[in-house]
Amino acid sequence: MTDDDKFLIKIDGADYEASPGELIIEACDKAGVHVPRFCYHPRMKPVGMCRMCLVEVSGPRGMSLQPSCYMPVQPDMEIVTESDKVKKAQDGVLEFLLINHPLDCPVCDKGGECPLQDQTLTYGPGESRFVEAKRHWAKPIALSELILLDRERCIQCARCTRFAEEVAGDPMIDFMARGDSTEVNIFDDNKFTSYFSGNTVQICPVGALTATPYRFASRPWDLEQAESTCVGCATGCRMVIQSSQDKLIRYLGIDSDPVNQSWLCDKGRFGYLANYAESRVVTPQVDHQEVSWKVAVDHVARAIKEALATTGPESIGIIGGSRLPNEDAYAWSKLARSVFGTNNVDAQLGDGLDPEVIVGLPKATIDETCASPLVVLVGPDIKEESPILFLRLKGAIDRGTTRVLEISPNPTSMTKYSAMSLFHRPGEAHLVVNSLVTPGPTKAGSGAGLPVGGVELADIDRARALIEDSPGVVFVLGRASMADSAQIVTQCASKVRENLPGARFLTVVRRANTHGALDCGLSPNLLPGRMTIDDARGYYEGHWGQVAQGPGMSTGEMLARAAAGSMAVLILLGADPVSDFPSRSLAKKALESGALVVSVTSHLDESAKLAGVILPTTTFGEKGGTTTNFEGRVSSLSRKVTGPGQAFDDWTVAVLLAKELGGDLGFSSQQDISEEMERVVPLYSNLKPHIWTSLAQSDGVVIPLYGDRVVPRWFDPIATPGIASLVHHPLRPGTGVDKESDPVRGESLPQVPARVEFSEVSRELSIPTLDAYSLRLMAPKVLYDRGVLTEPLSGVERPGSVLRVNHYDLDRIGAMSGDRVRVVSSAGAHEAQVEVDDSISKGTALVAFNVPRSEGQVLAGDLIGYGELVTDVRLEAL
Amino acid sequence: MGGFTPDNLVKAKEIIGLYPKARSALIPLCHLAQSQDGWLTPEAIVEIADLLDLAPAEVKGTASFYDMLHTEPVGRYLVGVCTNIACMLGGAYELLEHCEDRLGIRCGQTTKDGKFTLEETECMAGCDGPPCVTVNYRYFLGLDNQGIDQLVDDLEAGRLDNEIPPHGTVYRNSRNVGLTASPTQEPQAGGKSSQIAQPTPTKRGAK
Ligand code: SF4
Ligand code: SF4
Ligand code: FES
Ligand code: FES
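Quick caveat, the model's predicted, so the values are computed rather than measured.

(A) Highlighting the overall build of chain A. Regarding its fold elements, chain A presents 27 helices and 36 strands. Expected size for 878 residues packed as a compact globule is a radius of gyration near 29 Å; at 28 Å, chain A falls within 12% of this value. With respect to the three principal axes, the spread of C-alpha positions in chain A is 90 × 65 × 55 Å. Here chain A holds 878 residues, and the buried ones make up 61% of them. Summarising the internal contacts of chain A: among those between residues at least 6 apart in sequence, 72% fall at separations of at least 24. For chain A, the accessible area works out to roughly 32600 Å², and carbon and sulfur atoms hold 51% of it. Computing the positive centroid from 85 side-chain charges and the negative centroid from 113, chain A places the two 1 Å apart.

(B) The overall build of chain B, seen in detail. The secondary structure content of chain B amounts to seven helices and four strands. Each helix (α) and strand (β) of chain B, taken in turn from the N terminus, gives the series α-α-α-α-β-α-α-β-β-β-α. When burial is assessed residue by residue, chain B has 47% of its 207 residues classed as buried. Within chain B, contacts between residues separated by at least 24 positions form 63% of all contacts whose residues are at least 6 apart in sequence. When the accessible surface of chain B is split by element, carbon and sulfur atoms take 52% of a total near 10400 Å².

(C) Local environment of the domain arrangement of chain A. Residue and element names in this part refer to chain A. Each assigned domain of chain A is listed with its residue range as follows: domain 1 (3-82), domain 2 (285-352 + 514-687 + 733-748), domain 3 (356-507) and domain 4 (774-877). Placing a centre on the C-alpha atoms of domain 3 and another on those of domain 4 gives a separation of 25 Å. Taken together, the 18 residues of domain 3 in the interface contact 18 residues of domain 4. Counting the surface lost from both domain 3 and domain 4, the interface buries some 1400 Å², and carbon and sulfur atoms represent 62% of this. Taken together, domain 3 and domain 4 are joined by one salt bridge.

(D) Inspection of the interface of chain A and chain B at higher detail. Contacts between chain A and chain B engage twelve residues on the former and 13 residues on the latter. For the pair chain A and chain B, the two sides together bury roughly 1100 Å², of which 61% comes from carbon and sulfur. Linking chain A with chain B are one salt bridge, by the criterion used here. In this structure, R178(A) and D67(B) form a salt bridge, with 3.2 Å as the shortest nitrogen-oxygen distance. Among the elements that make up the side of chain A that touches chain B, the one with the highest residue count is strand β8 (residues 173-176) of chain A (four residues). Looking at the side of chain A that touches chain B residue by residue, the classes come out as seven nonpolar, one polar and four charged.

(E) Focus on helix α13 (residues 429-437) of chain A. In terms of burial, α13(A) is largely enclosed, as seven of its nine residues are buried. For α13(A), the elements touching its buried residues are β18 (374-378), β19 (403-408), β20 (420-423), α14 (457-469), β21 (473-477) and α15 (486-499) of chain A.

(F) How the structure looks around the site of ligand 2. Near ligand 2 you find C230(A), G232(A), C233(A), T235(A), G236(A), C237(A), L264(A), C265(A), G268(A), P387(A) and I388(A), and these make up its full shell. In terms of residue class, the shell around ligand 2 is built from seven nonpolar, four polar and no charged.

(G) How the structure looks around the sheet that holds strand β12 (residues 238-244) of chain A. Residue and element names in this part refer to chain A. Taken in spatial order, the three strands line up as β11-β12-β13 in an open sheet, and their pairing is antiparallel. If you trace the sheet from one side to the other, it starts and ends with β11 (224-229) and β13 (247-253), each paired once. When the angles between neighbouring strand axes are averaged without regard to direction, this sheet yields 30°. Alignment of β12 against β13, held across six bridges, turns out to be antiparallel. Residue pairing in the sheet places V240 in a bridge with L252 of β13.

(H) A look at the pattern of salt bridges. Residues and elements named next belong to chain A. A complete count under the given rule lists 54 salt bridges over all chains for this structure. D298 is the salt-bridge partner of K294, the closest N and O atoms lying 3.0 Å from each other. With K294 and D298 both in helix α7 (residues 293-309), this residue pair falls four residues apart, about one helical turn. Among the residues examined, D298 registers a relative accessible area of 22% and is labelled partly exposed. For D519, the salt bridge is made with R530, and the minimal N-O distance between the two is 2.7 Å.

(I) Representation of a negative patch on the surface. Taken together, the side chains of D188(A), D189(A), D37(B) and E43(B) define an acidic patch exposed on the protein surface. With respect to the helices, strands and loops of the structure, E43(B) is situated in helix α3 (residues 42-52). According to the relative accessible area criterion, E43(B) is partly exposed, its value standing at 38%.

(J) Fine view of the nonpolar core. Residue and element names in this part refer to chain A. Of all hydrophobic cores here, the largest spans 124 residues; its most connected members are L405, L436 and F475. It is helix α12 (residues 387-399) that provides the largest number of residues to this core, a total of seven residues. Residues within four places of F475 in sequence aside, it is in contact with V376, V378, V437, V496, L500, A503, R504, F505 and L506. Counting 64 residues, the second-largest nonpolar core is a separate cluster that includes V286, V598, V655 and L661.

(K) Representation of the packing of helix α2 (residues 84-99) of chain A against helix α3 (residues 115-123) of chain A in the model. Residue and element names in this part refer to chain A. Here α2 crosses α3 at 140°, and the two axes come no closer than 10 Å. By the criterion of interaxial angle, the relationship of α2 to α3 is oblique. Handedness of the α2/α3 crossing: left-handed. Along its contact with α2, which presents K87, Q90, D91, L94 and L98, the element α3 presents L116, Q119, T120 and Y123. Considered class by class, the residues forming the contact of α2 with α3 number four nonpolar, three polar and two charged.

(L) Up close: the side chain of Q491(A). Residue placement: Q491(A) occurs in helix α15. Q491(A) has contacts with H430(A), E760(A), V761(A), S762(A), R763(A) and L765(A), leaving out every residue within four places of it along the chain.

Calculation notes
- Residues numbered from 1 in each chain as written.
- Chains lettered and ligands numbered in written order.
- Predicted model: local features only at pLDDT ≥ 70, side-chain atom pairs only at ≥ 80, totals over all residues.
- Heavy atoms only, no water.
- Helix = DSSP H or I, 4+ residues; strand = E, 2+ residues; numbered from the N terminus.
- Rg over C-alpha atoms; globule rule 2.2 N^0.38 Å.
- Buried < 20%, exposed > 50% of the residue type's maximum accessible area, 1.4 Å probe, protein only.
- Contact = heavy atoms within 4.5 Å.
- Areas by Shrake-Rupley, 256 points an atom, 1.4 Å probe, with all protein chains shown as cover.
- Lys, Arg positive; Asp, Glu negative; His and termini not counted.
- Charge placed at Lys NZ, Arg CZ, Asp CG, Glu CD.
- Domains from an automatic or database assignment.
- Buried area = accessible area lost by both parts, 1.4 Å probe.
- Salt bridge = Lys/Arg side-chain N within 4 Å of Asp/Glu carboxyl O.
- Nonpolar A, V, L, I, M, F, W, Y, C, P; charged D, E, K, R; others polar.
- Near = heavy atom within 4 Å.
- Pairing = 2+ DSSP bridges.
- Axes fitted to C-alpha atoms, helices over the stretch in contact; angles between N-to-C directions.
- Patch = residues over 30% accessible without salt bridge, like charges linked within 9 Å, V, L, I, M, F, W, Y side chains within 5 Å.
- Core = buried A, V, L, I, M, F, W, Y, C linked by side-chain atoms within 4.5 Å.
- Parallel < 35°, antiparallel > 145°, perpendicular 65-115°, else oblique.
- Left-handed = near helix turned anticlockwise from the far one by under 90°.

In structure tokens form, the structure reads like this:
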């Protein structure tokens, strides 16, 4: 829209500019004139349900009362938000809404931050004329294990039902009945199991919807809050974390325009429960005996010294770090490379992507992805991997701004929204991508005739046409399955790079700060700032003194070497390879091989149980710093509460170890680290203190930082009552960060090495042909797995660890759904439970990765061998 | 699944085919399900949702909006007493009370034998002969207490089975709107006019 389209309107006598299509209420918000409202929500379509927003509007028949949330502005429109007529309407609407409202504010969780309370006080009639009995319902009813509903408090604004239908695409709740019997409810016992259910609680303008974990937990006026970034996955949703008496008590989504637009998934929203889980470790342990920090650190330092003296620095390895803040990751990277003298550091656990794919491809942000005319989704079910990216993309599809071409081994949550889905044989995505992007005659016409990766040529041709006709394309890349190798995704990327140089990429990985940890140098071949060891070793020696010669070993290589008995010390940095490394048997063997395993962790996970030393650390909400999401967006973390017991921040552990080993990282606070990063790492240059402060109040910045990126945001006070009643930023023009105008950094710095660019050339992967007796395994990640973050979230539905196969394949071995079978893979033979699922293609088997296993079930990780491109299994009836 | 019978499933698909958007067939399908089972069973709701690509909650939300769609079981005979203005003036409340006594249930309840459900209705457009009583939406106008007793006796004895189809029957003669005639009900001569029965014409109202 150009400025020419804009026109003038009058609000309460003053002139304002407005654009066509804008709603009156939006224009009033921009003008700073508050119109009371209940049903209107800036992130959903208006319904005009509650009538609270009535204002006087000029029209052909003079001034009349109109719902400002429903009516668009017109040129020269006159709007009056305060008049006797408006006041009378507001009185009437509130009196009406309160007819059946129980007014149980003293026992209502919303009391104190309730739009109904607040607006009744501000705009209400003061007294009601109704003496009739109010309606009564059983209270509360459980819409799910997480969401409770007190129906008599409901004012029928339809925010929750609209959210469920329009935003989440999970219309599991709806209005039932009519008139004064109207209620929000579920159908029968089909619970409201949406991954996004908690958002309805956040936007309910009254206390009708409450979340079980917060119910009666606190009063709003006892809460303190800080802005932070969710670390439930790598989307990095902005949220406020609220605490009372030094205890985390509630998280609410912030309306961060480029990221989560006020929504959170339930995993993130209730993530604080994990801070108080039983599995939390609070005291250092050596051989599972509680000891002091001094004893524990001495123990580790001795082992490292001995390793350095005997087996050498290559026998020391650090696995993990993608759950750490950037600063802590940087400290550990510096420790490994300059004090230990090893490059054996890997933030990923073999379940991610090639580091070059993550940091080296031309990037697209979430916004750019949603604005791209075509998005090609290669890999995971993004609703499981990155729920809010799913919401954003679904929203873009619904608005018609983008279309999705999905390339996946089996139907996903995106399938029903996709313009087209190609279901291929697991492990053969790169073949499909190759045939989509390589120029040449249409495939069906080329005479080859055979399907590619299991996809018919006619379908390939249709998908090619989609790509060819689209003026731009963004590829969203991720791992569809832990059972096939990350190399397949690398190959997809290289095929696209070769043939579609204009394409951009968004890489979706699971753990929150994977991107940041790689940026900070927790990768065998990358030093901080996305630079290879070869290129940047000299540069960092100039700053750090010494840097080990590279490259180091990846997690898989370290585990394999450990399993072979030649690693001396393995440090797990908030990592649980036994659960998360694709090949569980290798991870277990490695940790049981006799190397000293040091688990630097907040929770007693499966790997920590095998560790010789446990060093307890703080976790989300207990430590500050920054985190980087999969777009490369750096945003702030807040330390809202103190860590339990003797838990230390991860960076302090690095400093302690360095000291014990006679080194000095030069850090005595997290701020020291961020200052060094700004000074030394070109990628972080310009992230100066004043930006850090604004980061704490902003949507974060995508690095490397150029120009005007930090934009203050607007909170609609009624949209997210729990936040906005405490914080209110008026909308004002961006006060951005301008790189040019920042003082130029010291000229004395040596020549800055180039950042790594994805350069993998495409090559043939020899995917074994599937023999007639085998099934190809798929092991996708799911949102609610056995991870420490989700474990305390009781009541959510988790998939069991059952092997799902097409009935055709089950019939062939003469087994029935629910039977126990023997399943044999290169990693060994196991007993498993099978289930028929005809959405799974013939010749494949699916078992969700790392999900709770009950008696007789097999974990996906047990079936996956190390270093294989794909995993084929055989089933035998028992 | 146990929603529609195979025959009705065929019919349901035909109905869906009549509309440019499947969702538009929601209410007709609710009627179809109700004519099959006498009420909208949860199984039927789930099946309708599947057929129309909706969530069961959405189907129930719509169905529960309408008084004439029942999401809970009703008796063989659904007796409705209109208590809107004309009928109220014609003694509908007194009549309703008598119905409660006669049937031994409160308004909104179903007799133990599953034969009768009693409900209070809004205007049924029988205002010219108040009070207006309907049984499975067939009209009995101007009944007094004895009239009700007689009606209940007749219903119990099955004497009105020809007049009153099972609950849920929307029509006995299908109009041909691209569908074939309903095979489940016998076509009856006379059409709608035969459904207005006045077995015992009586004086108007009790007062
Ligand atoms: S439960 Fe809350 S959000 Fe839902 S309709 Fe009622 S008042 Fe609105
Ligand atoms: S999508 Fe990821 S970052 Fe966002 S709330 Fe959920 S877990 Fe947290
Ligand atoms: S009608 Fe406008 S806010 Fe509800
Ligand atoms: S008032 Fe009773 S039928 Fe119209």
